[in-house]
Amino acid sequence: LKEKYTCHVLTLPGFAGQPAVKYDQYLPSLREEIIAYIKTNKLKKPIIIGHSLGGFLGLSIASTQPDLISSMIIVDSLPFLGATQDPDATPETVKPMAQKMRDQMANATPEQTKESQKYFLPGMVSNKEKMNIISQWGIESDANSVAQAMYELQTTDLREDVAKIKSPTLVLGAWVAYKQYGATRESTMKIFEMQYA
C-alpha cells in the first residue's frame, strides 16, 4: 500500500516488543489514543485497516467517532467475540471464562507461551516462512498486556454500536483455522452475519 498511500502502522503497547503501558481499561484507552493520534496528525478521513484486535479497535473508533474516518477494512474481527459460541451470551455471562483465560495467559511462563504458540500458530498461519517472526512477536509481547486485551475483547459487546458506523466497511473473515474444531465456511458466515446484523 505504501506506493500509493501514506501508511501509519501502529503496534499496540505491550505487543511485539513495544513497552507496556498500564491502563485501567486497555481497549478504551487505546481507542482514545488512536483518535487523538488521527486528530493531532491532522489525518483527513483516514482508512482504517485492522486485523483481529486491530479490527475491533477500528469498529470501536468508527462507532464512537462516526465522522472521523472514510472507510475500513476489518479482518477476522467480530463486534462481540464472547458470543461466538453462544449468540445469547452477554459480557456478564462470559466474564468467568474470560477471567480464567486472562489469568492463565498473564501467569504463563515464557516456555509455556512458546509451547502454546507451537500448538495454535500452525492452524492460523498459512505462510510457514512467516511462522518464526509471528512466534517471536508473541514471545516478545508483555503477557499482562496481551491477557488484559484478550479479556476486554471477550467481554466487550459492540453489536449495538456498529449501527452508528457511517463509513463503508469491508469485513473479511476466515474459518480454516477453526476447521479442526468443527467450523465450516457456512457456520462462520452465519456468525459474522449475526454479529454484524
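Residues numbered from 1 in each chain as written. Predicted model: local features only at pLDDT ≥ 70, side-chain atom pairs only at ≥ 80, totals over all residues. Heavy atoms only, no water.

Q: I would appreciate a short explanation of the overall build of the protein in the present structure.
A: Scanning the protein from N- to C-terminus turns up seven helices and three strands. When its C-alpha atoms are laid out on the principal axes, the protein stretches across 45 × 35 × 35 Å. Looking at the protein as a whole, 32% of its 197 residues are labelled buried. Expressed as a percentage of contacts within the protein between residues at least 6 apart in sequence, the contacts between residues at least 24 apart total 71%. Accessible surface, the protein: about 12600 Å² in total, of which carbon and sulfur atoms supply 55%. Between the mean site of the 21 positive side-chain charges and the mean site of the 21 negative ones, the protein shows a separation of 6 Å. (Helix = DSSP H or I, 4+ residues; strand = E, 2+ residues; numbered from the N terminus. Buried < 20%, exposed > 50% of the residue type's maximum accessible area, 1.4 Å probe, protein only. Contact = heavy atoms within 4.5 Å. Areas by Shrake-Rupley, 256 points an atom, 1.4 Å probe, with all protein chains shown as cover. Lys, Arg positive; Asp, Glu negative; His and termini not counted. Charge placed at Lys NZ, Arg CZ, Asp CG, Glu CD.)

Q: In this structure, what is going on with helix α2 (residues 53–64)? I would like to understand it.
A: Owing to its 3.6 residues per turn, the α-helix brings residues three or four apart onto one side. Along its twelve residues, α2 runs 16 Å from first to last C-alpha, staying within 8% of the 16 Å computed at 1.5 Å per residue. What α2 keeps buried is the set Leu53, Gly55, Phe56, Leu57, Gly58, Leu59, Ser60, Ile61, Ala62 and Ser63. Where α2 is buried, its residues touch α1 (26–40), β1 (47–51), β2 (71–75), α6 (143–155) and α7 (185–196). (Expected span 1.5 Å × (residues − 1).)

Q: Help me understand the nonpolar core, please; the structure alone is not making it clear to me.
A: One broad rule of soluble globular proteins: the nonpolar side chains tend to lie buried together. Among the nonpolar cores identified, the biggest contains 26 residues, and Leu12, Phe15, Tyr26, Leu27, Leu53, Leu59 and Met72 are the most heavily contacted of them. Taken together, the elements giving at least two residues each to this core come down to α1, α2, β2 and α6. Look past the residues within four positions of Leu27 in its chain and what remains in contact with it is Leu53, Phe56, Leu57, Ala149, Glu152 and Leu153. (Core = buried A, V, L, I, M, F, W, Y, C linked by side-chain atoms within 4.5 Å.)

Q: Just checking my understanding: could you explain the sheet that holds β2 for this structure?
A: Pairing between the strands of a sheet comes from backbone hydrogen bonds, and it takes one of two forms, parallel or antiparallel. Ordered in space as β1-β2-β3, the three strands form an open sheet in which the pairing is parallel. For this open sheet the edge positions go to β1 and β3 (169–172), each flanked by a neighbour on one side alone. For this sheet the average axis-to-axis angle between neighbouring strands, irrespective of direction, equals 5°. With four bridges joining them, β2 and β3 adopt parallel strand pairing. Each residue of the ladder has a partner; that of Ile73, found in β3, is Leu170. Where α2 meets the sheet, its contacts fall on β1 and β2, and the angle it forms with β1 comes to roughly 140°. (Pairing = 2+ DSSP bridges. Axes fitted to C-alpha atoms, helices over the stretch in contact; angles between N-to-C directions.)

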